[in-house]
Every structure is written in structure tokens, then in C-alpha cells.
Amino acid sequence: MIIGLKDTVKLFGISIIACCAVFVCTLFLNYNIDLVAIENEITTEAGVAMYNAQVSMGKVTAVVTGGCLVATSIIMLLFYVKNFIDTHGKELGILKAIGYSNIKIAKHFWVFGFSVLVGCALGVVIAFLYLPNFYEVQNAEGLFPDFDVQFHPLLAFLIVGAPTIVFTAISVLFAYFKLKNPVLNLLREKREYKTKIGKNDKKDLPFLKGLSSTTLKSKKTLVFFVAFSAFCFSAMVQMSLSMNEIASETFAWMILLIGLILAFITLFLSLTSVVKGNTKTIAMMRVFGYEDNICSRAILGAYRPISYIGFAIGTVYQYVLLKLVMTFVFVDIDNMPEYNFDFKALVITLIAFVITYELIMYLYSLNIKKLSVKSIMLE
Amino acid sequence: MIEITKITKTYSNGTTKNEVLKGIDLQIADGDFTVILGASGSGKTTFLNCLSGLERVDDGSIKYDDVDITELSDTALTKFRKDNIGFIFQQYYLLPNMTVEKNVRMGADLAGNQEYRAIIKAVGLEEKAKKYPSELSGGEQQRVSVARALAKKPKVLFLDEPTGALDEETGRQVLDYICKLHKERGFTIVMVTHNQNIAEMANTVVKMNSGRIAVIYTNSTQKTAYEIGW
């Protein structure tokens, strides 16, 4: 077996993102289906207005959250497949050299879909454990007649089976595409570096600035993940702090928890990949006499502006989303307060973000200090 | 002057202990070209790593003039390497996603050396300054590694099998560059090799065997890279 289950354990980031996506989608879609089933029993004017608002809210939340997380999972999956091929070039090259076809090797990448299955299944299970409570919270004002949680097999297939099949197919096809690399390149673990002269190569940049710039450009996916991590932190934390007047406390906690899980998982995975991908560069810099803090600053510091950009986008996103929801979804609901930008939430979130981000960066710079120059050079 | 006194180094692997350096004494004069010869497993690379401050010794001292590097903290040792040491390795260890020029600047910027382009020219790679290592031949990559090491103006240059991955012609070219620059700039060279012929280019030859120095001798005349056998 080319890819073991051990390798799929490393894909826990995808599992967690899939779990969050499926959890949110199951809550809102299952609730919507059950709510639509009792539509005829809702007769009061306030009940109809709340029904329309909740159905629309459910659709918006499932599409926005689910879509965003699915897109992120796909990018993360492609990143993992590419990374696996890059780091296992020798084994894969040998298989190709002795006559295995690209498609025969690529078929083994179906295992990557397993991480999606685990995440989705877990998401459904957690959602069903929470659904009774969610139904109560959604109908806290008693505007609808009582209705129970129903299990919908088609919905379960669409949010567990279908993503697993699609993600498995994506893994195999992407691996097939990447395995088209010539055998010798795989054997020599020769990566494709740009051969066109970039703007920064023309500029007379000092080495450390050039290194920061190259670190960012060489792995654009990681730039996305660092920005996404800050985006999740900013959007979800601010949203949870700002929505106390328009949603329940439980809902706010749920948003906060999902945001923090996504932010930490993606930041952890990205920074680990950054440090791993640059171990040889760091080792050589240390051999030549660059101090540890300079190495850390050149490699990790490059991501700082990206994370603040992600934070800013997250701030705008959550404001626009809540404003749209309040303007269009809850327009017919009585006594809904007007939603304005919450500066207090922004300040609290920003302070928490700065402290958390800088602490994580510091921990990773300690990690860089621990890298053994000799063991890296002996690899 | 580098003064090495009774250095020992042992690697432990669980219950197995491997004594790699068994009390080595040696003196290397400033500006000297010293070659350390020895078969595989004789301890020559470990000796070079200890001597250059990449590895810690278990016992003994390594003094560069008055500075005993075995007593320096990690930070002080890094600064010492920054100010004094240059490295050239068999595997080049160039940064693959940076151009020739940026690789050389890695060394030059440490020493505040603005003349890195002259060094690139000196190793014959002026035309390829904007190329990436993957676009260069093995010999050209090693010349980048030479330029990178020299750009930081080292007082001592350590070379670990610098021609080990090169063919004869390219190996001679690289050695010729190094010797030429050594004569011009007068830095100290300590080179590890298993190639007996290269020893004829050195002032001092140190033969190692099983973690000890077996023989030390000096060459009355030094041959050039094109005069030695291969």
C-alpha cells in the first residue's frame, strides 16, 4: 500500500473542517426540512414571519458556511496531495520506474477521501446530539407547534456520502495530474521552481527580504491558509460577540467555538508546513551564522501582514453578512434592533488576535531554535 | 592560529557507544591550507564539524587565537561562525528557490559585503546570476557555494569533500578557483577529502585513522589543481 492510514491521520485538519461544515449544514438543513413539513400548521402572522426568516436564514447559513468550508477543504486536500507527492517522490518515482502507470498509483489516493468521510460522519453525529436543543432554541418563543427531530436519509447521503465521493475523486484525479512529472524528477525529488525572473529577482533586495518574499511566493496555498485562519478568527469571534441581540447565547457560543477551532487548526497546519518546508534553509542560515530570531523573523514574519489582511477581510465580511441578514432575512420580524458595526467587539477581537497570534509565532520560533543543524544536513 | 587540544567526541545510540574522535591535538597556522585525509568512518567529517563549531566536543578545547569555542554559548558560537567561518559542502546546500545572486547575498549580507557581484564574476557565473540552482550544472552549483562562502569574507574556510559530487574536469576547476582566491585573500583553508591527490595542493596534510591523527606532514611545494592526479 503506497499510502497508509497513518498518512491519513495527518489529514485531521480536513476532517475537522468537514466536521464543522457538516455540523452547521445538518443543524440548519435538517431543521429547515422539519420546519417546512409543518408549514401548514403555522397560522399566526408572527409565526409565518418567523418561519420565513428562519427558512431563509437556514439556507443562507448552510450555503455561506458550508460553501466556504467546502472550498477550504478542497484547497487543503489538494495541498496535502501535492505535499505527499513532493515528500514521497522517491517511492513514487521507483514505482513509476518499474512500470506502474500513473493511474494505477493515483488510485491509491482514494484513502485521502477517508478523512472527509470521518469528518462528515462525526459532524452528523454531533449535530444529531445537539439538534433537540437547537430545535428548542429556534422555537424559544413558541411561535410554531411542537415538532420532533426527524432523520432524513437523503440529506445524510448528500452531506456525508456525496462529499466523500467527490473528495475521493478529486484526490485521485489531482494525484494523477501531479504524477505526470517525469520519473527522474520524482526520484530526485526535484520540485518545480519558477524559472522566469520575477520582479523581486530584478530588484536588488537584501537576502533576508528576498527570502521573506520567496517564502510567501513559493507556497501560495499556505498564504491562503494563514489569511483564512485570521479571517475565521476575526469573523466568527466578532460575529459571536455582536449577535447577542439577534440570536441565542448558545448560537453565539457555537459560532465562537467553530471559529476558534478552524482558526487554530488552519494556523497550526500552515505554520507547521512553513517550518517543515524551510528546515534546510534555516539550517544553512544557522550554519552561516544567522541568529535564530533572524531566521524566525525572515521565515515566519513574512506571514504577519497576510494574517492582518485576513483579519480585516473577516471584519468586513461579518459586518456585511449580519447587515444583509438583518436587512433581508429578519425584515418582517417585529422588535428586531437595527444592526450597526460593533466597535467594542472589534477591539476585543483584535486584542485577543494579536496576543494569540504573536504567542503562536513565538512558540514556533522556539520550535525553529530546536531544529538540529546536523540532523537536517544528514537527511 | 587554531589550537586543538585533546578533543574527544562519542556518539551514543541507546546502549551502543561510538567513540569517533579519540583525543586529537593539532595546530593550524593562519593562512595555512590544511587537508584532512582519511577513509570513510575515520572521523574526519566529525572533526571538521567540531572544529568549525557545528558540533560540540565532549572534551578538550578548540582555540581560535584566544577564543575557546568549546566554552561559547550557542548564541556566541553562532556569532563566532558569522564573523569567522565559511563553509563549502559536498552537497552544495544551495537554497533551491532563490537565484544565484540571492544565494551569494546570503553570505555577503552577513558581512555587509557590497561586492558580491565581483565574487560571482570571479567564479565565472556573472551570466547566470539570475538563474536558479536547478538550472545549473553540478560544477556551477558548487561554484555558487564557493562564492556564497567567500562573500562573507571568512577568516577560515571549511570544505567537506567539495569535489565529491563533481566530475574530474569540474572538480579541478572548482579547486583552482578556491586556490586562486586563497592566494589572493590569504584566509585559512581546512579541507576534508578522501582523495590523496588533492592533498598535494595543501601546505599541511593530516591523515586520520579510527578517530586519531595517524600522520601529519607538510608539502615543500604545492601543486595546482591541474598538476595533481585524480
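Residues numbered from 1 in each chain as written. Chains lettered and ligands numbered in written order. Predicted model: local features only at pLDDT ≥ 70, side-chain atom pairs only at ≥ 80, totals over all residues.

(A) Structural context of the overall build of chain B. Along the backbone of chain B there are six helices and ten strands. Computed over C-alpha atoms, the radius of gyration of chain B comes to 17 Å, within 12% of the 17 Å expected from 2.2 N^0.38 for 230 residues, which places it in the range of a compact globule. Overall size of chain B, expressed as C-alpha extent along the three principal axes, is 50 × 40 × 35 Å. In chain B, which comprises 230 residues, the share counted as buried stands at 48%. Considering only contacts in chain B between residues 6 or more positions apart, those separated by 24 or more positions represent 71%. (Helix = DSSP H or I, 4+ residues; strand = E, 2+ residues; numbered from the N terminus. Rg over C-alpha atoms; globule rule 2.2 N^0.38 Å. Buried ≥ 20, exposed ≤ 12 C-beta atoms within 10 Å, placed from the backbone. Contact = placed C-beta atoms within 7 Å.)

(B) Summary view of the overall build of chain A. In terms of regular secondary structure, chain A is built from 17 helices and zero strands. With the principal axes as the frame, chain A shows a C-alpha extent of 75 × 50 × 35 Å.

(C) Representation of the nonpolar core. The biggest cluster of nonpolar side chains holds 164 residues, and the ones touching the most others in it are A:Cys20, A:Val22, B:Ile36, B:Val104 and B:Ala147. Looking at this core element by element, the count peaks at 16 residues for helix 2 (residues 12–37) of chain A. For this core, the two domains that each supply at least three residues are domain 1 (1–191) and domain 2 (192–379) of chain A. Setting aside residues no more than four positions away along its own chain, B:Ala147 makes contact with B:Val104, B:Ile119, B:Ile120, B:Val123 and B:Leu125. (Core = buried A, V, L, I, M, F, W, Y, C linked by C-beta atoms within 7 Å. Domains from an automatic or database assignment.)

(D) Spatial organisation of the interface of chain B and chain A. Across the contact, 26 residues belong to chain B and 22 residues belong to chain A. Looking at the side of chain B that touches chain A, the elements that each hand over two or more residues are helix 2 (74–84) and helix 3 (100–111) of chain B. Among the elements that line the side of chain B that touches chain A, the one with the most residues is helix 3 of chain B, at six residues. Per-class residue counts for the side of chain B that touches chain A are nine nonpolar, seven polar and ten charged. (Nonpolar A, V, L, I, M, F, W, Y, C, P; charged D, E, K, R; others polar.)

(E) Quick look at the confidence of the model for chain A. In this model, chain A carries an average pLDDT of 85, and 92% of its residues clear a pLDDT of 70 or more. Within chain A, no element has a lower average pLDDT than helix 9 (residues 199–202) of chain A, which sits at 58, and none a higher one than helix 7 (residues 153–178) of chain A, at 92. (pLDDT = per-residue confidence, 0-100.)

(F) A look at the domain arrangement of chain A. All names here are of chain A. Domain annotation for chain A reports domain 1 (1–191) and domain 2 (192–379). On a C-alpha basis, the centroid separation for the pair domain 1 and domain 2 is 23 Å. Taken together, the 19 residues of domain 1 in the interface contact 21 residues of domain 2. Counting only elements with at least two residues in the side of domain 1 that touches domain 2, the list comes to helix 2 and helix 3 (45–87). Per-element tally for the side of domain 1 that touches domain 2: the top contributor is helix 3, with twelve residues. Along the lines of polarity and charge, the residues of the side of domain 1 that touches domain 2 split into 14 nonpolar, four polar and one charged.

(G) Quick look at the sheet that holds strand 4 (residues 59–64) of chain B. Residues and elements named next belong to chain B. Taking strand neighbours across the sheet as the criterion, the four strands line up as 2-1-4-5 in an open arrangement whose pairing is antiparallel. The open sheet terminates on both sides in strands that have one partner only, identified here as strand 2 (16–28) and strand 5 (67–68). In this sheet, strand 2 lies alongside strand 1 (residues 2–13) in antiparallel orientation, the contact comprising ten bridges. Residue pairing across strands places Glu 3 opposite Gln 27, the latter belonging to strand 2. (Pairing = 2+ DSSP bridges.)

(H) Region of the structure containing the environment of B:Gly171. Residue and element names in this part refer to chain B. Within the secondary structure, Gly 171 is located in helix 6 (residues 168–185). When the 21 C-beta atoms within 10 Å are taken as the criterion, Gly 171 is described as buried. Separated by 71 residues in sequence, Gly 171 and Val 100 have C-alpha atoms that sit 19 Å apart.

(I) Broad picture of the pairing of strand 4 of chain B. Residues and elements named next belong to chain B. Where strand 1 lies against strand 4, five bridges are found, and the strand directions are antiparallel. Each residue of the ladder has a partner; that of Ile 4, found in strand 4, is Ile 62. Relative to strand 5, strand 4 runs antiparallel, the two sharing two bridges. In the sheet register, Tyr 64 faces strand 5, and the bridge partner there is Val 67. Hairpin connection between strand 4 and strand 5: a loop of two residues separates the two successive antiparallel strands, and Asp 65 in this loop has a positive phi of roughly 55°.

(J) Expanded view of the environment of B:Leu157. All names here are of chain B. For Leu 157, the location among the structural elements is in strand 7 (residues 156–160). Overall, Leu 157 belongs to the buried group, with 25 C-beta atoms counted inside 10 Å. Sequence separation of Leu 157 and His 182 is 25 residues, and the distance between their C-alpha atoms is 9.3 Å.

(K) A look at unusual backbone geometry. Residue and element names in this part refer to chain B. Even without glycine at this site, Lys 6 takes up a positive phi of about 45°. Phi at Lys 153 is positive, roughly 50°, even though this residue is not glycine. Assignment of secondary structure puts Lys 153 in the loop between helix 5 (138–151) and strand 7.

(L) Summary view of helix 1 (residues 44–51) of chain B. Residue and element names in this part refer to chain B. Within helix 1, seven of the eight residues are buried, which leaves the element mostly enclosed by the surrounding structure. Where helix 1 is concerned, the buried positions are Lys 44, Thr 46, Phe 47, Leu 48, Asn 49, Cys 50 and Leu 51. With its phi angle positive at about 85°, Gly 53 sits one or two positions after the end of helix 1.

(M) Quick look at helix 5 of chain B. All names here are of chain B. Taking 1.5 Å of rise per residue, 14 residues should cover 20 Å, and helix 5 covers 20 Å from first to last C-alpha, within 8% of that figure. Counting buried positions over the 14 residues of helix 5 gives twelve, a clear majority of the element. Burial in helix 5 covers these residues: Glu 140, Gln 141, Gln 142, Arg 143, Val 144, Ser 145, Val 146, Ala 147, Arg 148, Ala 149, Leu 150 and Ala 151. Turning to helix 5, the residues buried within the fold contact strand 6 (85–89), helix 3, helix 4 (116–122), strand 7 and helix 6. With its phi angle positive at about 50°, Lys 153 sits one or two positions after the end of helix 5. (Expected span 1.5 Å × (residues − 1).)

(N) Region of interest: the packing of helix 11 (residues 220–242) of chain A against helix 16 (residues 343–370) of chain A. Residue and element names in this part refer to chain A. Orientation of helix 11 relative to helix 16, taken along the N-to-C sense of each, is 140°, at an axis distance of 9 Å. As summarised for this structure, helix 11 and helix 16 are arranged oblique, according to the angle between their axes. In this structure, helix 11 crosses over helix 16, and the sense of that crossing is right-handed. The segment helix 11 lies against helix 16, with Ala 230, Phe 233, Ser 234, Val 237, Gln 238, Leu 241 and Ser 242 engaging Ala 345, Leu 346, Ile 348, Thr 349, Ala 352 and Phe 353. Class assignment of the residues belonging to the contact of helix 11 with helix 16 gives a composition of nine nonpolar, four polar and no charged. (Axes fitted to C-alpha atoms, helices over the stretch in contact; angles between N-to-C directions. Parallel < 35°, antiparallel > 145°, perpendicular 65-115°, else oblique. Left-handed = near helix turned anticlockwise from the far one by under 90°.)

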